[in-house]
Each structure stands twice: as structure tokens, then as C-alpha cells.
Amino acid sequence: MKKVLLASACLFAFAAPASAADLAARPYTKAPVAVASVYNWTGFYLGIVGGGAWENGSGDPKMKGGFVGGTAGYNWQTGNVVFGVEADGTWADVSASATGATVVPGFGVATATVSSKTDAMGAVRGRIGYAVNNVLFYGTGGYAWIDNKITLSALGVSVSDSKFHSGWTVGAGVEAFFAPQWSVKGEYLYRSLGGETYFSGVLPTGTLNFHTVQVGVNYHFGGPIVAKY
């Protein structure tokens, strides 16, 4: 029995190194290369926009209200600098009214109401900004317009006249991608619109100046993300 045990031990002693030598070497696996997403702002986009507007002026009442509509634009990027052009058009409800006594020929003193309402507004603007990957800081300026209506009411009778006011706008904003082809933006614009004369020369207006704050969501065509290794 002792001889059998001794022989078995010797056999295992010689077999163990041979078995270890027969094992295949563990293959070397290269670590995966990290992929960084770099955002390219170049391309066409469409979106929706909405916000609030209030008239800038010393008198009261001041026009104020909200608006909502659509926007379209195109960006060109070189390095971190982004150039663009953008147009927007919105439906608006920006208004004010005043009521007081007035003299009506052939009747005497009566209560009259004068109201002014901007029911549409828009702009065509250039943009220039600095992109930090998926975030764009920009300034903007260009042409602005509004469609405004003035209504006079007295003795149960109302008359209205609408005029198209043109002017300029300037402002700034920030836009950021939150998904591969979607971005959200917020911007401030100052709009200055030239005066017009309503009711065939009877009622002239001065320049209409508005502060507007708006937010928007844009869809970018063409895939703005480039994978960089």
C-alpha cells in the first residue's frame, strides 16, 4: 500500500506541470476606445417659439401679452464660431385699452374706449455666437414687424383700423442640445417699430417699443452630432 501511494504521488507531481503547460494562454483584449460626442451646429432647423411682450414707455396703459408661433433658420459653424439667419412669425395677443370722457359732436360728452392690440409679430434676424460643444451663446439683430389694430368705441358703436409697423430688433440668447437633433433656447429681444397714422390721418401714433422674452424648441435636420475618437 505504501508503494502504491508513493507511486501515485510521484505521478501527480509530474502530471501537474505538464497540465499547466498544456493550458492555452489567456488572450489579450484591448480596452475599448472612448467616444466623445462633438456637436456641429451647421444645418437647417425648424421649431416653435412662444413668450411674452410688454411695451416700453412712460405712459399708461402699456400694451402687454403673449405670443406663440413658428421659427426657421440655418447655421454655419467654423471652429467655435457659429453664424446664422433666423425668421419667425407668431400669433399675438398684446394689448391695452383706456376709457374716458370725450366730446361727441351733435351729442355732447360720452364715455369712449380706445384699445390697441397687436395680433401678429415677427422678425428676420442674423445670429452670431460662440459654441461650447452642445451649448451656443449668441447675439442677434435684424428686421422686425407687427400687425396692430386700434379700436374706438363710443355710444355702442365701434370702428377699427389696422396698420403694419416695421422696425428693428436686437437681443441675445442661449441655445443647447438636449437630444441628438433637438435643442431648446431662451432669448431676449428689444423691438422698435415705427409709428403709423390710423383712420385716414386722424390718429397718428409714435414709435412702438417692446421688450420680449421668448423660449423655443428646435429640430435640427442632418444630425448635428459627430463622433470623435
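Not measured: the values here are computed from a predicted model.

Student: What am I meant to see in the side chain of Arg191 here?
Tutor: Note that Arg191 resides in strand 8 (residues 182-193). This buried residue, Arg191, is left without a salt bridge; Asp88 holds the nearest opposite charge, at 4.7 Å. Separated by 3.1 Å, the side chains of Arg191 and Gln214 make a polar contact. The contact partners of Arg191, leaving out residues within four places of it in the chain, are Met121, Gly122, Ala123, Trp168, Thr169, Leu208, Asn209, Phe210, Thr212 and Gln214.

Student: Could you clarify how one ought to interpret the side chain of Glu175 in this entry?
Tutor: On the secondary structure map, Glu175 appears in strand 7 (residues 157-179). The buried category is assigned to Glu175, whose relative accessible area is 0%. A polar side-chain atom of Glu175 sits 2.6 Å from a polar atom in the side chain of Ser183.

Student: Explanation requested: the pattern of salt bridges in the structure shown.
Tutor: Pairing of side chains with opposite charge becomes possible as their charged atoms draw close. Under the defined criterion, the tally for this structure stands at seven salt bridges. Between Arg125 and Asp88 there is a salt bridge, and its shortest N-O distance comes to 3.2 Å. In this pair, Arg125 is assigned in strand 5 (residues 108-132) and Asp88 in strand 4 (residues 81-104), connecting sequence segments 37 residues apart. Grouping residues by exposure puts Arg125 and Asp88 together as buried. Through salt bridges that share partners, Glu86, Asp88, Arg125, Arg127, Glu175, Lys185 and Glu187 make up one connected network.

Student: What's the story with the packing of aromatic side chains in this structure? I'm lost.
Tutor: The relative placement of two aromatic rings is captured by the distance of their centres and the angle of their planes. Per the counting criterion, the structure on display carries eight aromatic pairs. Seen from their ring centres, Trp41 and Phe177 are 4.6 Å apart, and the 50 degrees between their planes marks the pair as tilted. Here Trp41, found in the loop between strand 1 (36-39) and strand 2 (43-55), pairs with Phe177, found in strand 7; they are 136 residues apart in sequence, far enough to count as distant. You'll find Trp41 and Phe177 in the same group, each marked buried. A ring pair is formed by Trp182 and Tyr219, whose centres lie 5.0 Å apart and whose planes are at 65 degrees; its orientation type is edge-to-face. Taken together, the residues Trp182 in strand 8 and Tyr219 in strand 11 (residues 208-220) connect sequence positions 37 residues apart. Judged by relative accessible area, Trp182 falls into the partly exposed class, the value being 39%. Sitting over the face of the ring of Phe67, Arg191 holds its NZ or CZ atom 5.9 Å from the ring centroid.

Student: Would you mind going over the environment of Gln77 with me for this structure?
Tutor: Here Gln77 shows up in strand 3 (residues 64-78). Gln77 gets classed as partly exposed once you look at its relative accessible area, which sits at 23%. As for Gln77 and Gly129, which are separated by 52 residues in sequence, their C-alpha atoms are 9.4 Å apart. What Gln77 contacts, discounting residues up to four positions off in sequence, is Tyr39, Asn40, Trp41, Thr42, Val82 and Ala131. Of note is the side chain of Gln77, whose polar atom sits 2.7 Å from the backbone nitrogen of Trp41.

Reading the values: rules and limits
- Residues numbered from 1 in each chain as written.
- Predicted model: local features only at pLDDT ≥ 70, side-chain atom pairs only at ≥ 80, totals over all residues.
- Heavy atoms only, no water.
- Helix = DSSP H or I, 4+ residues; strand = E, 2+ residues; numbered from the N terminus.
- Buried < 20%, exposed > 50% of the residue type's maximum accessible area, 1.4 Å probe, protein only.
- Lys, Arg positive; Asp, Glu negative; His and termini not counted.
- Salt bridge = Lys/Arg side-chain N within 4 Å of Asp/Glu carboxyl O.
- Polar contact = N/O pair within 3.5 Å; in protein donor to acceptor, adjacent residues only side chain to side chain.
- Contact = heavy atoms within 4.5 Å.
- Phe/Tyr/Trp six-rings, centres within 6.5 Å; stacked < 30°, edge-to-face > 60°.
- Lys NZ or Arg CZ within 6 Å of the ring centre and 35° of its normal.

As far as function goes, none of this settles anything; it's purely spatial.
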